[in-house]
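Structural characterization, general
The lines below spell out each chain.
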Amino acid sequence: MKFSELSLNDQVLDALDAMRFEECTPIQEQAIPVILEGKDLIAVAQTGTGKTAAYLLPVLNRLSEGNHPEDAINCVVMAPTRELAQQIDQQMEGFSYFMPVSSVAVYGGNDGILFEQQKRGLTLGADVVIATPGRLIAHLSLGYVDLSRVSYFILDEADRMLDMGFYEDIMQIVKYLPKERQTIMFSATMPAKIQQLANSILHDPVEVKLAVSKPAEKIIQAAYICYENQKLGIIRHLFAEQTPERVIIFASSKLKVKEVAKALKQMKLNVGEMHSDLEQAQREEVMYEFKAGKINILVATDIVARGIDIDDIRLVINYDVPHDSEDYVHRIGRTARANNDGVALTFVSEKEQSKFKTIERFLEKDIYKIPVPEELGSAPAYAPHAPEKKKNGGGRHNNRKRDRNRK
């Protein structure tokens, strides 16, 4: 469907034309009409599907019609990280080029001048405020921000905000908003905690859920079927000759990230780590060093699987098998972007085989299995259904084992 077929006004269409946007993505086609109708929306869509335009365009369309107060904040967009807030702000600038709509991006940093600029935008009543939760609360607590006339409240990457521990912050911001407003929530996944958040802040929302798309064909996918204690040895083997630039290694928990990063540093590799224990400023520093090439391996939890905007990541390693197919697609989707090729390797231990088989079924293909290097000893066979036969027998033993592994 073309944008011109949606009920968007000429100012919005002119901006789209200038940016050479013609065809809607599926999420835009489904979300824009709902938002234009004024209904609350919860949309489940991956990064890279055009979701920013899916909420900015209809909101800008309504703001440009002139039925909103000129000296008030009319729309608040919440984003989990400074990087995403900056990206949304850039898109906002492009889309609003032909419209009398003002915006301000509000995010953390150690710059006092930046804080003052944000304060000025907030007190003058920018139409659209794009903010990270912590920094918006910092401004709210100083008493000069009035959110009582906000018409649109948008949460982008809501699941990531909850992963980063922003639930209380979001609920605190909601208290400053009027009850009569349109609330729009975008999330890449729909776990129970997102459903709970939706129930508490949305009113009779329309749900739009896009099927998870398959990974790009350009990504070379392979796996090592190994024992848990062979995983570090495989990394040592992979990087023995030379360290490829721009590698992300995903691990299932922040504890595992710390362990793997420590082990790689002992191998004299140039490593950074990214997880929710880090402060926002620390995360930004790590991302800056990774983008600048000062760090060439980033060990991370799924907190980084979505929203990293780096085009030349050559290798993604799943140190642990992701929890589900969606997480797998998000993780390996960090590579092979902007016409580059990329490789995605997954380390599959014995207890992870069934989970990996589920991912293969979703992808509708068998992922190539690379033999474990001989110097690491023998490896287990790939028999993903075998563990399921034990279920009736040693259930308690299996649970104990699972609990031990989680700790």
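We now turn to the structure provided with this report. (Residues numbered from 1 in each chain as written. Predicted model: local features only at pLDDT ≥ 70, side-chain atom pairs only at ≥ 80, totals over all residues. Heavy atoms only, no water.)

1. Description of the sheet that holds strand 11 (residues 297-300)
Each strand in a sheet pairs with another by means of backbone hydrogen bonds, the pair being arranged parallel or else antiparallel. Read from one edge to the other, the open sheet built from 7 strands follows the order 10-11-9-12-13-8-14, with strand pairing classed as parallel. Pairing within the sheet leaves two strands with one partner each, and these edge strands are strand 10 (271-274) and strand 14 (368-369). In the sheet, strand 8 (residues 219-225) pairs with strand 14 via 2 bridges, with the strands oriented parallel. Looking at strand 14, one finds that A223 is bridged to K369. Packed onto the sheet, helix 13 (residues 325-332) meets strand 8, strand 9 (247-250), strand 12 (315-318) and strand 13 (342-348) and runs at close to 150 degrees relative to strand 12. (Pairing = 2+ DSSP bridges. Helix = DSSP H or I, 4+ residues; strand = E, 2+ residues; numbered from the N terminus. Contact = heavy atoms within 4.5 Å. Axes fitted to C-alpha atoms, helices over the stretch in contact; angles between N-to-C directions.)

2. Examining the packing of helix 8 (residues 167-174) against helix 9 (residues 192-201)
Two numbers describe how helix 8 lies on helix 9: the axes approach to 12 Å, and their chain directions differ by 10 degrees. The angle between helix 8 and helix 9 falls in the class roughly parallel. Each of Y167, I170, M171 and V174 in helix 8 lies in contact with helix 9, whose residues at this interface are Q196, L197, S200 and I201. A per-class count over the contact of helix 8 with helix 9 returns 6 nonpolar, 2 polar and no charged. (Parallel < 35°, antiparallel > 145°, perpendicular 65-115°, else oblique. Nonpolar A, V, L, I, M, F, W, Y, C, P; charged D, E, K, R; others polar.)

3. So, the sheet that holds strand 6 (residues 182-187)
Taken in spatial order, the 7 strands make up an open sheet running 3-4-2-5-6-1-7, and their pairing is parallel. In the strand order of this sheet, the two ends are held by strand 3 (103-106) and strand 7 (206-209), each with one partner. Adjacent strand axes in the sheet meet at a mean angle of 10 degrees, parallel and antiparallel pairs treated alike. Judged from the 4 bridges that link them, strand 5 (residues 152-155) and strand 6 form a sheet pairing that is parallel. Residue L155 lies in a different strand from strand 6, and its bridge partner there is M185.

4. Re the pattern of salt bridges
Counted by the stated rule, this structure contains 15 salt bridges. Of the charged contacts, one joins K51 and D156 as a salt bridge, the two residues approaching to 2.8 Å between their closest N and O atoms. Placement of K51 in helix 3 (residues 51-63) and of D156 in the loop between strand 5 and helix 7 (158-163) is noted, with a sequence separation of 105 residues between them. Taken individually, K51 and D156 each receive the classification buried, so the pair is uniform in this respect. In this structure, E352 and K231 form a salt bridge, with 2.9 Å as the shortest nitrogen-oxygen distance. (Salt bridge = Lys/Arg side-chain N within 4 Å of Asp/Glu carboxyl O. Buried < 20%, exposed > 50% of the residue type's maximum accessible area, 1.4 Å probe, protein only.)

5. So, the packing of helix 3 against helix 4 (residues 82-95)
Packed helices, taken two at a time, are described by their axes: the angle between them and the distance between them. Orientation of helix 3 relative to helix 4, taken along the N-to-C sense of each, is 45 degrees, at an axis distance of 11 Å. Comparing their axes, helix 4 and helix 3 come out oblique. For the crossing formed where helix 3 meets helix 4, the hand is right-handed. Seen from helix 3, the contacting residues are T52, A53, Y55, L56, L57 and L60; seen from helix 4, they are I88, Q91, M92 and F95. The class makeup of the residues in the contact of helix 3 with helix 4 is 8 nonpolar, 2 polar and no charged. (Left-handed = near helix turned anticlockwise from the far one by under 90°.)

6. Things to note about the pairing of strand 12
On strand 12, burial covers both faces: L315 and I317 on one face and V316 and N318 on the other are all buried. Looking at chain direction, strand 9 and strand 12 are connected through 4 bridges and run parallel. Among the inter-strand pairings, F250 is bridged to a residue of strand 12, identified as N318.

7. A look at the packing of aromatic side chains
For the structure on display, the rule yields 7 aromatic pairs. Measuring from centroid to centroid gives 5.5 Å for Y55 and F186, while their planes differ by 55 degrees, and the two rings are tilted. With Y55 in helix 3 and F186 in strand 6, this pair connects stretches of sequence that are 131 residues apart. Owing to a relative accessible area of 1%, F186 belongs among the buried residues under this scheme. An aromatic cluster of three or more residues is present, and its members are F3, F21 and F95. (Phe/Tyr/Trp six-rings, centres within 6.5 Å; stacked < 30°, edge-to-face > 60°.)

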